[in-house]
Amino acid sequence: MSVQTVSTTSFAGQEPGTSGLRKRVEVFQQARYLENFVQSIFDSLDSLEGKTLVLGGDGRFHNRAAIQIILRMAAANGCDRIMIGQNGILSTPAVSCLIRKYQAYGGIVLSASHNPGGPDGDFGIKFNISNGGPAPEKITQAIYERTLSITAYRISDAPPVDISRPGTTRMENMEIVVIDPVSDYAEMMRAIFDFDAIRRLFAGGFRMRLDAMNAVCGPYATRIIESELGAPVGTVVHEVPLEDFGGHHPDPNPVNAHELVAYMKTPAAPDFAAATDGDADRNMILGQGIVLTPSDSLAILAAHATRIPGYAGGLAGVARSMPTSTAVDRVAAEMNIPCFETPTGWKFFGNLMDAGKITLCGEESYGTSSAHIREKDGLWAILFWLNLIAVTGKSVNALASQHWAHYGRNYYSRHDYEQVREDKANALMRALREKLSALPGKRYATRAVTLADDFCYLDPVDHSASENQGVRILFSDGARIVFRLSGTGTVGATLRIYYECFEPDTRKHDDDPQIALASLIATAQEIADIAGYTGMSAPTVIT
Ligand code: G16
């Protein structure tokens, strides 16, 4: 066994996006591609000597090969100890939990999250820092810059390690600890939620379906919800993680989880349903006949948080990403706690949590979590809902209607235009930015524009500025349109347009969101000429 230094040349385009480096599997399979990026991570950090890293992924195609390469590179780069999930499996929230619990230096997550998997799908890698959260921009930028100048990487020539059973082994001077992927995470959930109340709920005949989409949540959900909380076997469906997610697109939204949505409209529908994504950090919440928007889910959880043992002491504050609806702002205002508006990307919540400024946060992209870790956490959100249903005795539908009656309803929808030519998408955004200063005061249908800008975030903790985080157009009645380009796609550009309007009148709380938002959708077309630039007369995905 010895350490080799291998010459390499840089690859273009290894720039981390919204959440790490995501590319087609075939791109990652090129010789030296993963190695260059991993070495660039290691070169951008302090020495790994004496340090522990956590390593795991969502089990998608290329996970197994990548794990063995990273183990050999970590050993060659002087890492002291690496904790790895059995069979290379760890959900993203579990990585965050383990980094924090074992005071690791950081972790490497192998996932392209909600992007499809398999040989023709996507693969991804990101680095999480010692607080358990995604590396902030100054680190991801340093990693990217390193990828441009890299000339060599270090790797051990050790044979592949058996990671199929918990236990400890060594490579070079590094200790490799293979752990059960679920137990530490389950222990954390037990400390937050009232498991006895949830057990009683299931014992009383409460029925639920959780669609794990053949991704990494399966082992966590079957162990916690079926084995521990007593839900009947079969409550968790598509529970076996598969390298291609069984052909599912593991992005829990009404389009990809259409079977679940349809099932919740049938007479056989259970009381509650949920779905999770590739790496189990996203969640979708459904009641009988309804899909809750992530923005509403966040607002409702915040409003009831003190009913959950882990949050009984109250919330320090809340945060949402800029495109997420302002429903949670109304809750925060009533609770008299701060509400922060951050750019898209979970990494922006980390500083606020570390500084004790927020307890709960969430995003429109089906991400919700709290300061228990520094990632979004799909199963945590589902357990929160179960706990809430158990202690209130109310359904998702009843809790949502009650919430809207009290706070008003923020109608919300996101329209995605996928695989747009990059030059066209960039031209649309450029033209929009050029128009911004002329928009305030203009009227569209019944509304006047009150503010139009390109969102710039000033981090209240480290005072860093993140510019160009999306164009937002605000109207006099509280409605908003937000335009931004996705930072997680791998083919062409994805234009996301987010629509929101506020309806205080209870009699108008049962409309179809697309109808409630129709005039705003027409306004976006008028302002940005979406059809002209994209060549598409309708979005490819509506959530
Ligand atoms: C990632 C980020 C989220 C972000 C989402 C969508 O989620 O962690 O913060 O909201 O991407 O980003 P975009 O709109 O740029 O595609 P995940 O679950 O893919 O890691």
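First things first, this report covers the structure right here in the doc. In this text, all values refer to a predicted model and were calculated from it rather than measured experimentally.

### Side note on the overall build of the protein
Per the secondary structure count, the protein includes 18 helices and 27 strands. A globule of 543 residues ought to have a C-alpha radius of gyration of about 24 Å, and the protein, at 23 Å, matches this closely. Reported as C-alpha extents along the three principal axes, the dimensions of the protein are approximately 70 × 60 × 40 Å. Looking at the protein as a whole, 58% of its 543 residues are labelled buried. Relative to all contacts within the protein whose residues are 6 or more apart in sequence, the contacts with residues 24 or more apart total 73%. Summing over all exposed atoms, the protein offers an accessible surface of approximately 19,900 Å²; the carbon and sulfur share of this is 48%.

### A closer look at the pairing of strand 19 (residues 409-420)
Counted residue by residue, strand 19 has 10 buried out of 12 residues, so it is predominantly covered. Bridge count for strand 19 against strand 26 (residues 493-503) is 10 bridges, and the pairing is antiparallel. By the bridge assignment for strand 26, V420 is matched with A493. Summarising the sheet, strand 19 and strand 27 (residues 541-542) pair through two bridges and their orientation is antiparallel. Directly across from H415, in strand 27, lies its bridge partner I542.

### Overview of the packing of aromatic side chains
To describe a pair of aromatic rings, one takes the distance between the centres and the angle between the planes. Counted under the stated rule, the structure contains 13 aromatic pairs. The interplanar angle of 90° and the centroid separation of 6.3 Å between the aromatic rings of Y311 and W380 together place this pair among those described as edge-to-face. A residue pair is termed long-range when its members are at least 10 positions apart, and Y311 in the loop between helix 10 (294-304) and strand 15 (318-321) and W380 in helix 13 (residues 378-392) qualify at 69 residues. Note on F348 and Y457: the rings are 6.0 Å apart at their centroids and 85° apart in plane angle, and the pair reads as edge-to-face. Of this pair, F348 sits in the loop between strand 16 (339-342) and helix 12 (349-354) while Y457 sits in strand 22 (residues 457-458); the two residues are 109 residues apart in sequence, bridging distant segments of the chain. Between K51 and the ring centre of Y105, over which it is positioned, the NZ or CZ distance is 4.6 Å. Between R409 and the ring centre of W404, over which it is positioned, the NZ or CZ distance is 3.9 Å.

### A short note on the pairing of strand 8 (residues 167-171)
Looking at chain direction, strand 8 and strand 9 (residues 174-179) are connected through five bridges and run antiparallel. Within strand 9, the position partnered with T169 by the bridge is I176. Counted between consecutive antiparallel strands, the loop separating strand 8 from strand 9 contains two residues, among which E172 sits at a positive phi close to 50°.

### Looking at the sheet that holds strand 20 (residues 443-444)
Read from one edge to the other, the open sheet built from seven strands follows the order 20-21-24-25-26-19-27, with strand pairing classed as antiparallel. Sheet topology places strand 20 and strand 27 at the edges, where each strand pairs with a single neighbour. Sheet topology note: the strand 21 (residues 447-454)/strand 24 (residues 471-475) ladder contains five bridges and is antiparallel. Bridge assignment links D454 to a residue of strand 24, and that residue is V471.

### With respect to the nonpolar core
Ranked by size, the top nonpolar core spans 74 residues in total, and within it I225, L379, W380, W385 and L386 carry the most contacts. Here the element with the most residues in this core is helix 13; it accounts for 10 residues. Once residues within four sequence positions are removed from consideration, L386 is found in contact with I198, L201, F202, F206, M208, I225 and F272. Listed in part, the 43 residues of the second largest apolar core include L71, F127, I155 and M174.

### Describing the site of the ligand
Neighbouring residues of the ligand: 19 residues in total, closest E363, R484, G487, T488 and R496. Contact distances for the ligand include 3.5 Å between an oxygen atom and a side-chain N or O atom of S19. At 2.8 Å, a side-chain N or O of K376 approaches an oxygen atom of the ligand. Coverage of the ligand by the protein amounts to 99% of the 460 Å² it exposes when considered alone.

### Looking at unusual backbone geometry
Of note, R32 is a non-glycine position whose phi angle comes to about 75°, a positive value. Relative to the elements of secondary structure, R32 occurs in the loop between helix 1 (25-28) and helix 2 (33-44). A residue is classified by how much of its surface remains accessible, and R32, at 25% relative accessible area, is partly exposed. Of note in this structure, N87 is not a glycine but carries a positive phi near 60°. As for its position among the elements, N87 is in strand 4 (residues 81-89).

### Re the pattern of salt bridges
Within the structure shown, the criterion is met by 29 salt bridges. The partner of R496 in a salt bridge is D416, with the nearest N and O atoms 3.0 Å apart. With R496 in strand 26 and D416 in strand 19, this residue pair connects regions lying 80 residues apart in the sequence. The burial state of R496 is the same as that of D416; both residues are buried. In this structure, the salt-bridge partner of D477 is R447, at a minimum N-O distance of 2.8 Å. Of this pair, D477 sits in the loop between strand 24 and strand 25 (480-485) while R447 sits in strand 21, and the two are 30 residues apart along the sequence.

### Points about the side chain of D122
As for its placement among the helices and strands, D122 is situated in strand 6 (residues 122-128). Looking at D122, its side chain comes within polar contact range of the side chain of N115, at 3.0 Å. Setting aside residues up to four positions removed in sequence, D122 forms contacts with K23, R24, V25, R60, A112, N115, P116, G117 and T490.

About the criteria used
- Residues numbered from 1 in each chain as written.
- Predicted model: local features only at pLDDT ≥ 70, side-chain atom pairs only at ≥ 80, totals over all residues.
- Heavy atoms only, no water.
- Helix = DSSP H or I, 4+ residues; strand = E, 2+ residues; numbered from the N terminus.
- Rg over C-alpha atoms; globule rule 2.2 N^0.38 Å.
- Buried < 20%, exposed > 50% of the residue type's maximum accessible area, 1.4 Å probe, protein only.
- Contact = heavy atoms within 4.5 Å.
- Areas by Shrake-Rupley, 256 points an atom, 1.4 Å probe, with all protein chains shown as cover.
- Pairing = 2+ DSSP bridges.
- Phe/Tyr/Trp six-rings, centres within 6.5 Å; stacked < 30°, edge-to-face > 60°.
- Lys NZ or Arg CZ within 6 Å of the ring centre and 35° of its normal.
- Core = buried A, V, L, I, M, F, W, Y, C linked by side-chain atoms within 4.5 Å.
- Near = heavy atom within 4 Å.
- Polar contact = N/O pair within 3.5 Å; in protein donor to acceptor, adjacent residues only side chain to side chain.
- Salt bridge = Lys/Arg side-chain N within 4 Å of Asp/Glu carboxyl O.

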